[in-house]
Amino acid sequence: MRHRSRAAEALAAALLLVLSAACGSRLPESDFDHDDRTPAPRDAAPLRVGIITSATSPVGGSAFTGPRDGARAFFDRLNARGGIDGRRVEVRTCDDGGSGVGNNECVHQLVEEDQVVALVATTALDYAGASRVSRARVPDIGGQPIGTAYDTFPHLYGIYGSLAPRDGTPGWDGKLYGGTEVYRYFKREHGARTAAVVSYNQSASAAYARLVERGLRAEGYKVVTEQVDFALPNFRAVAADLKEQGADLVFDAIDGHGNARLCQAMDEAGADVTAKVTNVQNWTSSVAEDYKDAPRCRNALWATGASRNFEDTGNAAVREFREATQDLKRHSQWQLEGWAAARWFADAAKSCATSGITRACVDGFMNRSQGYTAGGLLLPVRFERLPEPPKSSRTCLSVARWQDGKGWVGQGDMNRTCFTVPQLAYAP
């Protein structure tokens, strides 16, 4: 049930990005980018898919574009190799501007006007049009669970799976569940006993921090809580207390800029930790630049997730992804997951080639996608509709550590780094 903790992380990351956005920003209008770079075969109509991304949202132009870029790279390579059953995949992208109104406009354009056979790698700050996608029975494949849509509606298939009923209510009676596998990992593998949780004095940040604290305490940690003022954060005081308390781990519910400042303060205070743990959205190749003023803290950065490290080029599936995206300025785990989402659609469409590649056939494949891995890029994904949430679950982890000169170095086999952990309820 690993998708639950990943969903909580994604939701928290989105909320924290909103915190860092400038007030009073005017949302841009949606734009529709028709990808016509590859000519269609003369004898077959192209397969049309849609990608909705909050590309020009109040939180910045590059915050949500990773999955889109990974998916487009996959489709470009697929088309260069002949497409699916001789049919080119035509990608229609839509920027919803990070607003609910813009998202509904994108859904209308792609689902109702462009008649896409599926949506792929959706990454929306406010997925207001999710219910319309579900009513139209359009499979939404491999989206990032930034909100609760992928645990609410049928025909929506998040990149990490779902065990919830998906009957129109989020999770089970409005509650989602997260495991404690990350905390178990650092306790078992690195002997960590004291963990600090840093948050802002803001409701979204504090709520996510409380969820982390509960998980840590359930695993027997001594928990040190640190809260700073959002407008005028005193990270020096936090760093000094982290050193005094002897924290082994540092988790946070703050934005990326705040994390860089916290790391710098930790270096200045001499607060060395076993791990400064971040989430999958910050698992990028730009760490050296983002944390340029904090070399010790930078080399204590760890990331956990549910997909194979994008730096693991010894793996054939990762190597193909990296070769196809070598022209991108930076790489990220979200790009790899967007690539995996596009591959998922391609596998579904190929299975339908003889009977007809329709929304219904692709949706049927997705409903049967138990244990899907995108060629080993993902931990096995499950879609079930359990009437009651499980009290515990066996959960596996992908873990990587940043090292200068090497980048993100994987820590063990993600399919064997597994724990049976309790599932804790939280309100999204």
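Just so it is clear, the model here is predicted, and its values are computed rather than measured.

Asker: Can you walk me through the state of the cysteines in this structure?
Answerer: One way to say it: the disulfide is the covalent bond shared by the sulfur atoms of two cysteines. All chains considered together, the criterion is met by four disulfides. The disulfide bridge from Cys352 ends at Cys361, spanning 2.1 Å between sulfur atoms. Where Cys352 bonds to Cys361 through sulfur, the torsion about that S-S bond is close to -100°, and the disulfide is left-handed. In terms of burial, Cys352 and Cys361 fall into one category: buried. Disulfide pairing is shown between Cys396 and Cys418; the S-S distance is 2.0 Å. Here the disulfide of Cys396 and Cys418 is right-handed, its torsion about the S-S bond being about 95°. Of the two residues, Cys396 is situated in strand β13 (residues 392–396) and Cys418 in strand β16 (residues 418–426); the sequence distance between them amounts to 22 residues. For Cys396, a relative accessible area of 18% puts it in the buried group. Sequence-ordered numbering of the bonded cysteines in the protein chain gives a pairing of 1-2, 3-4, 5-6, 7-8.

Asker: Where do I start with the packing of helix α12 (residues 333–351) against helix α13 (residues 359–367) in this structure?
Answerer: The description of two helices packed together rests on the angle between their axes and the distance between the axes. Where α12 meets α13, the axes come as close as 9 Å, and the angle between the chain directions of the two elements is 115°. In the crossing of α12 with α13, the sense of the turn from one axis to the other is right-handed. Contacts between α12 and α13 involve Trp344, Phe345, Asp347, Ala348, Ala349 and Ser351 from the former and Val362, Phe365 and Met366 from the latter. Residue composition of the contact of α12 with α13, by class: seven nonpolar, one polar and one charged.

Asker: Looking at this model, I keep getting lost on the environment of Thr278. Mind explaining?
Answerer: Assignment of secondary structure puts Thr278 in strand β11 (residues 275–278). Sequence separation of Thr278 and Phe251 is 27 residues, and the distance between their C-alpha atoms is 7.0 Å. Filtering out sequence-adjacent residues up to four positions away, Thr278 remains in contact with Trp302, Ala303, Thr304 and Trp408. Among the polar contacts listed, one links the side chain of Thr278 to the side chain of Asn282, at a separation of 3.0 Å.

The rules behind these values
Residues numbered from 1 in each chain as written. Predicted model: local features only at pLDDT ≥ 70, side-chain atom pairs only at ≥ 80, totals over all residues. Heavy atoms only, no water. Disulfide = S-S within 2.5 Å. Buried < 20%, exposed > 50% of the residue type's maximum accessible area, 1.4 Å probe, protein only. Helix = DSSP H or I, 4+ residues; strand = E, 2+ residues; numbered from the N terminus. Axes fitted to C-alpha atoms, helices over the stretch in contact; angles between N-to-C directions. Left-handed = near helix turned anticlockwise from the far one by under 90°. Contact = heavy atoms within 4.5 Å. Nonpolar A, V, L, I, M, F, W, Y, C, P; charged D, E, K, R; others polar. Polar contact = N/O pair within 3.5 Å; in protein donor to acceptor, adjacent residues only side chain to side chain.

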